[in-house]
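# Reading the structure
The primary structure of each chain is shown beneath.
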Amino acid sequence: MAQVPATPKPRRLLNRLAAVTLGPRWTYEKLATQWSEEAALERRAHARPGPVQDPSVVFLTPLVGRHHVGNWNDVEARLADTVASWRAQSSGRWHAVICGQDRPDSIEFDDQIRFLPFTKPFEGNDKWAKLDQLCRALPALALGSGYAMPFDADDMLAPGAVAEMIHRKARGGYLVTRGWVMDAQSREVGLCAPQTLLAPGRKAFWKMCGSCAAFRFDFSHDQQDGEYLAAITSHEHRMFPYLASLAGRPLTPLNQEAVLYVVNHGENFGTRRGRVGFKTRYVKRFPVTDAGILSQIEAEFPMA
């Protein structure tokens, strides 16, 4: 299963307009062609979630196979930083599932962090096949309802992020619009945030990193949210807000710099695609230079 190509932006606009004005059924039959859009429209028509009750946040992490990387110890070290950021959350209302071919020896698995073996024969990049398996396994966690957040194995979560999500109880889910990107080689940090007149060219975090959205799920009525999540996460992260909106579950921006995205460490997925250069240039273009903010980042995201 490869990453599904994004729907062109004009088509997205047309689909959203049609869903609002003509309804999901008409849009489904006349306009939408991608599986993800059809799944989103089906949710819009049949399963708008009600008020959030006692939610949990579930992190869904596809882990690269040992056979795909040059240094497995580095991969495990990055994952250990990710896990440490989950365990440092001010709220304990979270779970995590890590899916891969190789169970990491450095991670302590328990009732809160589980390992899901990936055993399918697969040629090429299997990240989206793992995400598909993770999403479809979500009903088995028996959590009822909450937020599912695809989370890469080399990113880190701010310690107050889970607490904000479960306290605000957004009906559709959350979007990380503000966050940090760190160049692992230079240790420089840049700010990702929506651009302004004073900062043209700056990018919202969700346009830079896949660990950027927490989608509402609710299995109290049916089990189809797993398939819906599998469909929308088959795309690149820039499609996430559109698909959530198409489903009638728009994403609410978080009020904090919620995630640290570490690039240029040698085993990034983007490195294997040759797409890291512009991100290191971005760090230099929008650097964080305030000593107090840098100290805060270091305190919130301790790295091995």
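Above this text is the structure in question.
Residues numbered from 1 in each chain as written. Predicted model: local features only at pLDDT ≥ 70, side-chain atom pairs only at ≥ 80, totals over all residues. Heavy atoms only, no water.

What follows concerns the overall build of the protein chain. Check the secondary structure of the protein chain and you find eleven helices and eleven strands. Taking 304 residues into account, the globule formula puts the C-alpha radius of gyration at 19 Å, and the protein chain, at 19 Å, falls close to it. Principal-axis analysis of the C-alpha atoms gives the protein chain an extent of 50 × 45 × 40 Å. Of all intrachain contacts in the protein chain linking residues separated by at least 6 positions in sequence, the fraction that spans at least 24 positions is 75%. Surface summary for the protein chain: the accessible area is close to 13,600 Å², and the carbon and sulfur share equals 52%. (Helix = DSSP H or I, 4+ residues; strand = E, 2+ residues; numbered from the N terminus. Rg over C-alpha atoms; globule rule 2.2 N^0.38 Å. Contact = heavy atoms within 4.5 Å. Areas by Shrake-Rupley, 256 points an atom, 1.4 Å probe, with all protein chains shown as cover.)

Over its twelve residues, helix α3 (residues 35-46) runs 16 Å from end to end, which matches the ideal 16 Å to within 8%, given 1.5 Å per residue. Three or more residues of α3 are buried, namely Ser36, Glu37, Ala39, Ala40, Leu41, Arg43 and Arg44. If you follow the buried residues of α3, they end up packed against α1 (9-21), α2 (24-30), α7 (225-232) and α8 (240-246). (Expected span 1.5 Å × (residues − 1). Buried < 20%, exposed > 50% of the residue type's maximum accessible area, 1.4 Å probe, protein only.)

Now for the layout of surface pockets. Within this model, the second largest pocket holds a volume of roughly 290 Å³. Along its surface, the second largest pocket is lined by 14 residues, and Arg12, Arg16, Trp206, Arg238 and Tyr242 are the ones closest to its centre. A total of four residues in the lining of the second largest pocket trace back to one element, the largest contributor, which is α1. (1 Å grid on protein atoms, 1.4 Å probe; cavity = no way out; pocket = protein on both sides within 12 Å on 5 of 7 lines; lining within 4 Å. Points joined across faces, edges and corners; volume = space filled by probe spheres on them.)

Let's shift gears to the pairing of strand β11 (residues 259-263). Taking burial as the measure, the five residues of β11 include five buried ones, the bulk of the element. Here β11 shows a buried face lined by Val259, Tyr261 and Val263 and a second buried face lined by Leu260 and Val262.

Here we come to the sheet that holds strand β3 (residues 113-117). Across the sheet, which stays open at both edges, the seven strands sit in the order β3-β2-β1-β4-β9-β6-β10 with mixed pairing between neighbours. Taken across any chain shown, the strands that pair with only one partner, and hence form the sheet edges, are β3 and β10 (252-253). Note that strand β6 (residues 173-175) and strand β9 (residues 213-218) share three bridges and pair antiparallel. Paired with Leu175 across the strands is Ala213, a residue of β9. In the packing of helix α4 (residues 72-87) onto the sheet, the strands contacted are β1 (56-62), β2 (94-100) and β3, and the crossing angle to β2 comes to about 165°. Strands β1, β2, β4 (145-150), β6, β9 and β10 of the sheet are contacted by helix α6 (residues 161-168), whose axis makes an angle of about 130° with β1. (Pairing = 2+ DSSP bridges. Axes fitted to C-alpha atoms, helices over the stretch in contact; angles between N-to-C directions.)

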